[in-house]
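Structural characterization, general
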Amino acid sequence: MSKGKVVIIGSGLGGLSCGVLLAKNGYDVTVLEQGAQIGGCLQCFTRQNAKFETGMHFIGSAAKGQTLDRLMNYLEIRKDVRLAELDRTGYEVISLNGNLYKYANGREAFIKQMSDYFPHQHENLVRFYDLVDRVAGASSLHSLKYAETDAAINTEYQLRSINEVIDSIITDPLLAKVLVGNLPLYAAEKDKTPFSTYAFIMDFYNQSAFRIVGGSDSVAKSMQQTIQHYGGQVLKRHQVTRIVCDDTHAVGVEVNGSQFVEADIVISDAHPMRTLELIDSKIIRPVFRKRINSMPQTVGGFSVYLEFKDKTVPYMNYNYYGYNQGTPWGCEQYDEDTWPKGFLYMHFCQDNAPMFAKTGVVLSYMHMNEVRRWMDTRVGKRGQDYEDFKNRKAELLLNSLESYFPGIRHAIKNIYTSTPLTYQDYTGTQDGSMYGIAKDVSLGAAGRVPHKTKIPNVYQTGQNINSHGMLGVLVGTIVTCSELLSAKTIYQQIVEAGS
């Protein structure tokens, strides 16, 4: 017998993982996706037989027994998804001031590698790494140690910025910059982004780093099949146009402006601003709406997707960050003359051990204001001036890439581009932001989005609830679903799934 009808709005990682978890535990689950493709940031796309990753370019902590591996086993994903490990001696490569710096996997290897670059900083690097370890480990959710949270450490490092903490430990200014060389992974801003965000990201990838062979859409398809296996359903082209409430709670949702779907529980995987737009109820106070609507968003991105000529570009088993200035900080602060200040360049992993890359992507920051004039146009029908804008930006970004990888232009067969408008169209995130709502130390608790709404049976999930990335979203899923199942129950199930 069903424990209740759950309607989930959106089929991103948060929505699908909530669906799997609740379907496994006896709930009648329906996931409603407005688009023609499920997955949110797990979506891939194909052009002329060339496949491209859009969001989940690589994952961490997925080696046997590590945190993400255990969660993937629990969600029954692991059996359907192939992983290819990145170079353990340098899964991230930072190009700064004409020199290359590699991040190696594991505590000893990371400290040794960085100490080779900066011998006089060895003791500080040990202190730095151990602090990252302590902050990441203090969260019971991130470490999957039930009820073992160090609240004092959590609070302190949510309220101290990345650069403040690093500068208090590392005395070499160049090393301090190298240690934030991968900040495009979370769009960090100086004096704003909490050190806790940094620690979770560094710990997550430093344990192990993998690409998903064939694309992260395999994760979405796996979860869809699991939901169906447990009696649930995932419906595409079903846009929720309203969360229907009576005086005390939600009774269901309206789909495509007309159809009513009854629900005992509603979980929204949409951006919190989109969720509030669906609710016309006095239970949600104007002051709360104002707070959510005024939260800062992370910057958007401009992507150039590259299809390479056959067997011309050796497969790059790491991520490459190039900076056209002396620091990774401030790349989001640009003008027409200084863009791009930096970029992230990655290859798509089409099989287990490719010799050559078939496709890749080069990504740089872009603010929505640059494309806002085309806001009221539709995908594929934005006009020649929009195409000219994208082509001009693509040329600038490819020129920058060429300066780091001479000859790369000659190896490119086709290019495709996307802007913050594209991202907003396909994920619904406000202003096309790459990672949703921005964490800001100055906002404290006011900068966090609650997983519970004031409507007692309406919950939120996804990258805005805890943090972005695969582990961040799945941690948020546990938080949301623990309102229905209890955290203890979920932890026990995760342990049992891995035994």
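Heads up: the structure comes first, above all this text.
Description of the structure in this document. (Residues numbered from 1 in each chain as written. Predicted model: local features only at pLDDT ≥ 70, side-chain atom pairs only at ≥ 80, totals over all residues. Heavy atoms only, no water.)

1. Comments concerning the overall build of the protein chain
When its secondary structure is counted, the protein chain shows 16 helices and 20 strands. Radius of gyration (C-alpha) of the protein chain: 22 Å, near the 23 Å computed for a compact globule of 499 residues. Along the first, second and third principal axes, the C-alpha atoms of the protein chain reach 60 × 55 × 45 Å. When each of the 499 residues of the protein chain is scored for burial, the buried share is 60%. Here the contacts in the protein chain between residues at least 6 apart in sequence split such that 72% fall between residues at least 24 apart. (Helix = DSSP H or I, 4+ residues; strand = E, 2+ residues; numbered from the N terminus. Rg over C-alpha atoms; globule rule 2.2 N^0.38 Å. Buried < 20%, exposed > 50% of the residue type's maximum accessible area, 1.4 Å probe, protein only. Contact = heavy atoms within 4.5 Å.)

2. Some details on the nonpolar core
Counting residues in each nonpolar core, the largest one holds 103 residues, and the members touching the most others are Ile 59, Phe 128, Ile 166, Phe 195 and Tyr 198. Considering every element that reaches this core, the biggest residue donor is helix α15 (residues 469-485), with eight residues. Residues Ala 84, Phe 302, Tyr 334 and Leu 401 belong to the second largest nonpolar core, which totals 33 residues. (Core = buried A, V, L, I, M, F, W, Y, C linked by side-chain atoms within 4.5 Å.)

3. With respect to helix α9 (residues 195-207)
Its 13 residues place the ends of α9 18 Å apart at the C-alpha level, agreeing with the 18 Å of an ideal helix rising 1.5 Å per residue. Judged by how many residues are buried, α9 sits mostly within the fold: twelve of 13 residues are covered. Buried within α9 are the following residues: Phe 195, Ser 196, Thr 197, Tyr 198, Ala 199, Phe 200, Ile 201, Met 202, Asp 203, Phe 204, Tyr 205 and Asn 206. (Expected span 1.5 Å × (residues − 1).)

4. Structural notes on the sheet that holds strand β6 (residues 83-85)
Sheets are built from strands paired through backbone hydrogen bonds, the pairs being either parallel or antiparallel. Strand order in this open sheet of three strands is β5-β9-β6, and the pairing throughout is antiparallel. Of all the strands in the sheet, just β5 (59-60) and β6 have a single pairing partner and so form its edges. Bridge count between β6 and strand β9 (residues 209-212): three bridges; the pairing is antiparallel. When the bridges of β9 are listed, Glu 85 appears paired with Phe 210. (Pairing = 2+ DSSP bridges.)

5. Thoughts on the pattern of salt bridges
One pass over the structure, following the stated rule, counts 22 salt bridges. A salt bridge links Asp 217 to Lys 51; its shortest N-O distance comes to 3.1 Å. Pair noted here: Asp 217 is in helix α10 (residues 217-229) and Lys 51 is in strand β4 (residues 50-53), with a separation of 166 residues, a long-range link. Notably, a salt bridge pairs Lys 112 with Asp 116, separated by 3.1 Å at the nearest N-O pair. Note that Lys 112 and Asp 116 are positioned in helix α3 (residues 107-117) at a spacing of four residues, about one turn of the helix. (Salt bridge = Lys/Arg side-chain N within 4 Å of Asp/Glu carboxyl O.)

6. Focus on the side chain of Gln 463
Looking at where Gln 463 falls in the secondary structure, it is placed in the loop between β20 (458-460) and α15. By relative accessible area, which is 17% here, Gln 463 ends up buried. Apart from the residues lying within four places of it in its own chain, the contact partners of Gln 463 are Thr 429, Met 434, Tyr 435, Gly 436, His 468 and Val 473.

7. A look at the state of the cysteines
Per the counting criterion, the structure on display carries zero disulfides. With no disulfide of its own, Cys 18 lies closest to Cys 481 among cysteine sulfurs, the gap being 3.7 Å. Residue class for Cys 18 comes out buried when judged on its relative accessible area of 0%. Looking at the unpaired Cys 44, the closest cysteine sulfur is the one in Cys 41, lying at 11 Å. (Disulfide = S-S within 2.5 Å.)

8. Focus: the packing of aromatic side chains
Applying the stated criterion across every chain yields a total of 24 aromatic pairs. Each ring, one from Phe 204 and one from Tyr 205, has its centre 4.8 Å from the other, and the planes form 55°; the classification is tilted. According to the relative accessible area criterion, Tyr 205 is buried, its value standing at 9%. Pairing Tyr 320 with Tyr 404 gives two aromatic rings, centres 6.1 Å apart and planes at 75°, and the pair type is edge-to-face. In this pair, Tyr 320 is assigned in strand β16 (residues 319-323) and Tyr 404 in helix α13 (residues 384-404), connecting sequence segments 84 residues apart. (Phe/Tyr/Trp six-rings, centres within 6.5 Å; stacked < 30°, edge-to-face > 60°.)

9. Points about the packing of helix α2 (residues 67-74) against α15
Packing of α2 against α15 leaves a shortest axis separation of 11 Å and a crossing angle of 55°. Between α2 and α15, the crossing angle belongs to the class labelled oblique. The two elements α2 and α15 cross, and the hand of that crossing is left-handed. Each of Thr 67, Leu 68, Leu 71 and Met 72 in α2 lies in contact with α15, whose residues at this interface are Met 470, Leu 471, Leu 474 and Ile 478. Grouping the amino acids of the contact of α2 with α15 by side-chain chemistry returns seven nonpolar, one polar and no charged. (Axes fitted to C-alpha atoms, helices over the stretch in contact; angles between N-to-C directions. Parallel < 35°, antiparallel > 145°, perpendicular 65-115°, else oblique. Left-handed = near helix turned anticlockwise from the far one by under 90°. Nonpolar A, V, L, I, M, F, W, Y, C, P; charged D, E, K, R; others polar.)

10. Digging into the pairing of strand β12 (residues 250-255)
Burial analysis of β12 places five of its six residues in the buried class, the great majority of the element. Bridge count for strand β11 (residues 240-245) against β12 is five bridges, and the pairing is antiparallel. Bridge pairing in β12 links Arg 242 to Glu 254. In this structure, the hairpin formed by β11 and β12 is closed by a connection of four residues. Pairing of β12 with strand β13 (residues 259-262), which is carried by four bridges, proceeds in the antiparallel orientation. Within β13, the position partnered with Gly 252 by the bridge is Glu 262.

11. Some details on the environment of Ile 169
Looking at the secondary structure, you find Ile 169 in helix α7 (residues 162-169). Considering only alpha carbons, one finds Ile 169 and Leu 125, 44 residues apart in sequence, at a separation of 8.1 Å.

12. Quick look at the environment of Gly 447
Here Gly 447 shows up in the loop between α14 (420-427) and β20. For the pair Gly 447 and Glu 76, spaced 371 residues apart in sequence, the C-alpha separation works out to 33 Å. Filtering out sequence-adjacent residues up to four positions away, Gly 447 remains in contact with Arg 291, Met 295 and Ile 437.

13. Focus on the sheet that holds strand β8 (residues 99-103)
Judged by pairing direction, the sheet is mixed, and its seven strands sit side by side in the order β8-β7-β16-β17-β18-β15-β19 without closing on themselves. Of all the strands in the sheet, the pair left with one neighbour each is β8 and β19 (412-418). With direction set aside, neighbouring strand axes in the sheet form an average angle of 20°.

14. A look at the side chain of Glu 76
Among the secondary structure elements, Glu 76 is positioned in the loop between α2 and β6. Engagement of the side chain of Glu 76 in a polar contact is seen with the side chain of Lys 24, the distance being 2.8 Å. Contacts of Glu 76, omitting those with residues within four sequence positions, involve Lys 24, Ser 222, Thr 226 and Tyr 230. (Polar contact = N/O pair within 3.5 Å; in protein donor to acceptor, adjacent residues only side chain to side chain.)

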